[in-house]
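If you want the building blocks of each chain, they are given just below.
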Amino acid sequence: MLSYDFMQRALIAAMVVGLVAPVIGVHLVQRRLALLGDGMGHVALTGVGISFLLQTTPIPTALVVAVAGSLLIELIRVRSRAAGDLALALLFYGGIAGGVLLSSLAGRTRPVSLSSYLFGAVSTVTRNDLTVLIITSVAALALLAVFGAEMFALSIDSDSAAIRGIRVQLMGALLSALAAVTVVIGMRIVGLLLVSAIMIVPVAASQQVARSFRGTMMGAVVIGLVCCVSGVTAGYYFSVPPGPAIVLLALVIFAVAAVVGARARSSAAARRSRRFAESDVS
Amino acid sequence: MTVTHSNVLHTHGLNVSVEGARVLHNVSVDIMSGTCTALLGPNGSGKTTFIRAVLGLIASSGEVRWFGAQEQDYRATGRVSLVPQLLPAANAVPVSVAEFVESAFTSPANRLSKWRHRAHRAQALHSALSRVGLLDKADRPVNALSGGEQRRALFARAIVTGADVVLMDEPLAGVDLDHQAQLVAIMSSMLESGATLVVVAHELDAMADIVDQVVLFGGVGQSSVVYQGAPSPEVLHRHLAHEPHHIHELQRPESTGSMLEL
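What counts, and at which threshold
- Along every chain, residues carry numbers that run from 1 in the direction the sequence is written.
- Ligands are numbered from 1 and chains lettered from A, in the order in which they are written.
- Given that this is a predicted model, residues contribute local features only at a pLDDT of at least 70 and side-chain atom pairs are listed and counted only at 80 or more, while totals for whole chains, interfaces and linings are drawn from all residues.
- Here a strand is any run of E in DSSP of at least two residues, a helix any run of H or I of at least four, and the numbering for each starts at the N terminus.
- We call a residue exposed when 12 or fewer other C-beta atoms sit within 10 Å of its C-beta, buried when the count reaches 20 or more, and partly exposed for counts in between; the C-beta positions come from the backbone.
- Each residue gets a C-beta atom placed from its backbone, and two residues are in contact if those atoms lie within 7 Å.
- The term nonpolar core refers to a group of buried residues, namely Ala, Val, Leu, Ile, Met, Phe, Trp, Tyr and Cys, whose C-beta atoms join them within 7 Å.
- Here the bounds of each domain stem from an automatic or database domain assignment.
- An axis is simply a line fitted to the C-alpha atoms; with a helix, the fit covers only the stretch in contact. Between two such axes, the angle follows the N-to-C directions and lies from 0 to 180 degrees.
- For classification purposes, angles smaller than 35 degrees are called roughly parallel, those larger than 145 roughly antiparallel, those between 65 and 115 roughly perpendicular, and all remaining angles oblique.
- Here the term charged refers only to Asp, Glu, Lys and Arg, the term nonpolar to Ala, Val, Leu, Ile, Met, Phe, Trp, Tyr, Cys and Pro, and the term polar to all other amino acids, Gly among them.
- By definition, two strands form a pair when at least two bridges between them are found by DSSP.
- Helix span, as expected, comes to 1.5 Å for every residue beyond the first.
- The predictor attaches a confidence to each residue, called pLDDT, with possible values from 0 through 100.
- Crossings are classed by handedness, with left-handed meaning an anticlockwise turn of the near helix from the far one by less than a right angle and right-handed meaning a clockwise turn.

> I'd like a description of the overall build of chain A, backed by residues and values.
Check the secondary structure of chain A and you find 11 helices and 0 strands. Helices (α) and strands (β) of chain A occur, in sequence order from the N terminus, as α-α-α-α-α-α-α-α-α-α-α. Each principal axis of the C-alpha distribution contributes one length, and for chain A these read about 85 × 50 × 30 Å. Put simply, chain A has 282 residues, and 50% of those count as buried. For chain A, long-range pairs separated by at least 24 residues make up 75% of all intrachain contacts whose partners lie at least 6 apart in sequence.

> Talk me through the overall build of chain B; I want residue IDs and the actual numbers.
Per the secondary structure count, chain B includes 7 helices and 10 strands. A buried classification covers 43% of the 262 residues belonging to chain B. In chain B, of all internal contacts separated by at least 6 residues, the share reaching a separation of at least 24 is 67%.

> Break down the nonpolar core for me, citing the residues and quoting the values.
By size, the foremost hydrophobic cluster in this structure holds 159 residues, and its most contacted members are Ala44, Ala66, Val184, Ile198 and Ala250 of chain A together with Val101 and Val166 of chain B. At 14 residues, the largest contribution of residues to this core is made by helix 8 (residues 168–190) of chain A. Here this core spans two domains, and each of domain 1 (1–79 + 164–176 + 194–262) and domain 2 (87–163) of chain B adds at least three residues to it. The residues contacting Val166 of chain B, other than those within four sequence positions of it, are Ser81, Val83, Ala158, Ile159, Met190, Ala195 and Leu197 of chain B.

> Which residues make up the domain arrangement of chain B, and what values do they have?
The domain boundaries assigned to chain B delineate domain 1 (1–79 + 164–176 + 194–262) and domain 2 (87–163). Of the residues lining the interface, 10 residues belong to domain 1 of chain B; the matching set on domain 2 of chain B comes to 9 residues.

> Describe the packing of helix 5 (residues 147–159) of chain B against helix 6 (residues 177–192) of chain B, and please don't skip the residues or the numbers.
All names here are of chain B. Here helix 5 crosses helix 6 at 10 degrees, and the two axes come no closer than 10 Å. Of the possible angle classes, the one that applies to helix 5 and helix 6 is roughly parallel. Touching Gly148, Arg151, Arg152, Phe155 and Ile159 of helix 5 are His179, Leu183, Ile186 and Met190, all from helix 6. The residue makeup of the contact of helix 5 with helix 6, split by class, is 5 nonpolar, 2 polar and 2 charged.

> Could you give me a rundown of the sheet that holds strand 1 (residues 7–18) of chain B, with the residues and numbers involved?
Residues and elements named next belong to chain B. Strand order in the open sheet made by the 3 strands is 2-1-4, with antiparallel pairing throughout. Only two strands of the sheet have a single partner each, and these edge strands are strand 2 (21–32) and strand 4 (61–66). Taken over all neighbouring pairs, the strand axes of this sheet differ in orientation by 15 degrees on average, direction set aside. One ladder, built from 5 bridges, connects strand 1 with strand 4; its direction is antiparallel. The partner of His10 across the bridge, within strand 4, is Arg65.

> I'd like to hear about helix 2 (residues 36–54) of chain A, residue by residue, with values.
The end-to-end C-alpha separation of helix 2 of chain A is 27 Å, in line with the 27 Å expected for 19 residues at 1.5 Å each. Here helix 2 of chain A lies mainly inside the structure; 17 of its 19 residues are buried.

> Break down the interface of chain A and chain B for me, citing the residues and quoting the values.
The interface of chain A with chain B comprises 27 residues on the first partner and 27 residues on the second. Those elements that place two or more of their residues in the side of chain A that touches chain B are helix 1 (5–30), helix 6 (127–156), helix 7 (158–163) and helix 10 (213–238) of chain A. In the side of chain A that touches chain B, the residues fall into 13 nonpolar, 7 polar and 7 charged.

> Please give an account of unusual backbone geometry that cites residues and values.
Located in the positive-phi region is Ser239 of chain A, a residue other than glycine, with phi close to 50 degrees. Along the chain, Ser239 of chain A falls in the loop between helix 10 and helix 11 (242–281). For Ser239 of chain A, a count of 7 C-beta atoms within 10 Å gives the class exposed. One non-glycine residue, Glu170 of chain B, adopts positive backbone phi at about 45 degrees. Among the secondary structure elements, Glu170 of chain B is positioned in the loop between strand 6 (165–169) and helix 6. With 19 C-beta atoms counted inside 10 Å, the residue Glu170 of chain B sits in the partly exposed group.

> Mind laying out the environment of Asp164 of chain B, listing which residues take part and the relevant values?
Tracing the backbone through its elements, the reader meets Asp164 of chain B in the loop between helix 5 and strand 6. In this structure, the C-alpha to C-alpha distance between Asp164 of chain B and Val175 of chain B, residues 11 residues apart in sequence, is 25 Å.

> How would you summarise the confidence of the model for chain A if you had to cite specific residues and measurements?
Averaged over every residue, the pLDDT of chain A is 87; the share at 70 or more is 95%. The least confident element of chain A is helix 11 of chain A, whose mean pLDDT is 83; the most confident is helix 10 of chain A, at 94.

> Can you explain the pairing of strand 3 (residues 36–40) of chain B? Please cite residues and give values.
Residues and elements named next belong to chain B. The element strand 3 is largely enclosed, with a buried count of 5 among its 5 residues. Covered by surrounding structure in strand 3 are Cys36, Ala38 and Leu40 together with Thr37 and Leu39, the residues of both alternating faces. As paired elements, strand 3 and strand 7 (residues 196–200) share 4 bridges and run parallel to each other. Looking at the pairing, Leu39 lines up with Val200 of strand 7. Direction of pairing for strand 3 relative to strand 8 (residues 213–218): parallel, over a ladder of 4 bridges.

> Now, about the packing of helix 2 of chain A against helix 9 (residues 195–206) of chain A: what can you tell me, with residues and values included?
A packed helix pair is summarised by two numbers, namely the angle formed by the two axes and the spacing between the axes. All names here are of chain A. Between helix 2 and helix 9, the shortest axis-to-axis distance is 8 Å and the interhelical angle comes to 165 degrees. Judged on the interaxial angle alone, helix 9 and helix 2 are roughly antiparallel. In terms of crossing hand, the pair formed by helix 2 and helix 9 is right-handed. For the pair helix 2 and helix 9, contact is made by Gly37, Asp38 and Gly41 and by Val195, Ser196, Met199 and Ile200, respectively. Here the contact of helix 2 with helix 9 is composed, by residue class, of 3 nonpolar, 3 polar and 1 charged.

In structure tokens, the structure reads:
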């Protein structure tokens, strides 16, 4: 498998997504914005449509459009009376309609296919795609290294964050933009329809057994890496689409973690009850 | 009023309106350093609104001076912290007690220097958790703590950075008597170490021994300060009888407090 250049690129891209997506995803889950990635995926579809129409490279175009869309969501949420989920829904519909319409218009002059962006096409990742993915991922992780602590503090208590001078709206916009970047990073691997899953499901699995934010994040990264590499490998050996394989594997890990976590919590509760009972007797 | 060197917070003619309706009217309050001030009053009298206004969390008009400076400057000092009534949100991802308390160190001022002070922070975290008796629970998810323990975690977060002004929103509400005594003991130790406490409360019972000044909010419709001064028994009696709007019937107490006519 590794003797093929395209598989080498696919595995590197998978590892990049497996690393970056859960790191951003843990902040989204913490702020109860788990569906934001889905919204961003739909907006990125409009970016792909624009790139078809203008005959530009899809990844950078989708990146610009998705980031702009993420900032628009924040603006709608903060400035208008629309609630966060309503703002997200508006972008959902607008994004997918724009993507399909623009692709259709572009298809009048030359053949275009949205499906490789909707469902992923990891084997077609080019060297240029990989370079853009790596640079974008490093930039996203660097931003998170600098601002992640403020996003975390904000997610715990926005009032206390504000009185320490943390800019609540700026951090919200930055998190949305990072989600948009991650969606575009994962676009070629798992596809726009499933990319949000690789941000969220590893976090959901990890938090079943973790006791801290940091522990959840590290567990989610391990799960993300294992799923992405395993999914791409399974795609090669079993001729199945890697995106769905990655997501289904992550869901299986979530199910196992949920059972293990529930058992651990009930054991801990039983131990506490025993301790209380013993202290009452003594 | 003149602002002295020990004046931590000074408001003059502070007004707050919510959706066109004035909820706080002409509130003038002075908080001196190293003291414990209780903000008392019935539900809806604007105690919490006052705290949010002086912290700049909601829009207000009038004068607010922190440490003799202009309103927003307190943010840069890192000297002010807030203890909300409850854990603000049930986070989806587990947050350990240590992470929760340590989050108080996060601010734009140390955005790029946060990696340099790890040893100092670890020491401060250890000290704060020791003071509130949560050292053995540092690794537990904060949402898994009991109500009283969660309050202590909020206290630890307020003191871990060395903030010397702590605003507390009903820190004893809904806590049993044993835990109230523990929390008051922690508040007392904060005062001994030189901190200034501003505490929103419904009653003084549990913390009567540590309160130096009472600010009583009341009034029909829009709320204002009806008494500021020492916690005189007469005022407390009226307050506990839930009749702050009759406060003008009281004799001016012998204490340093001043009675305001409604």
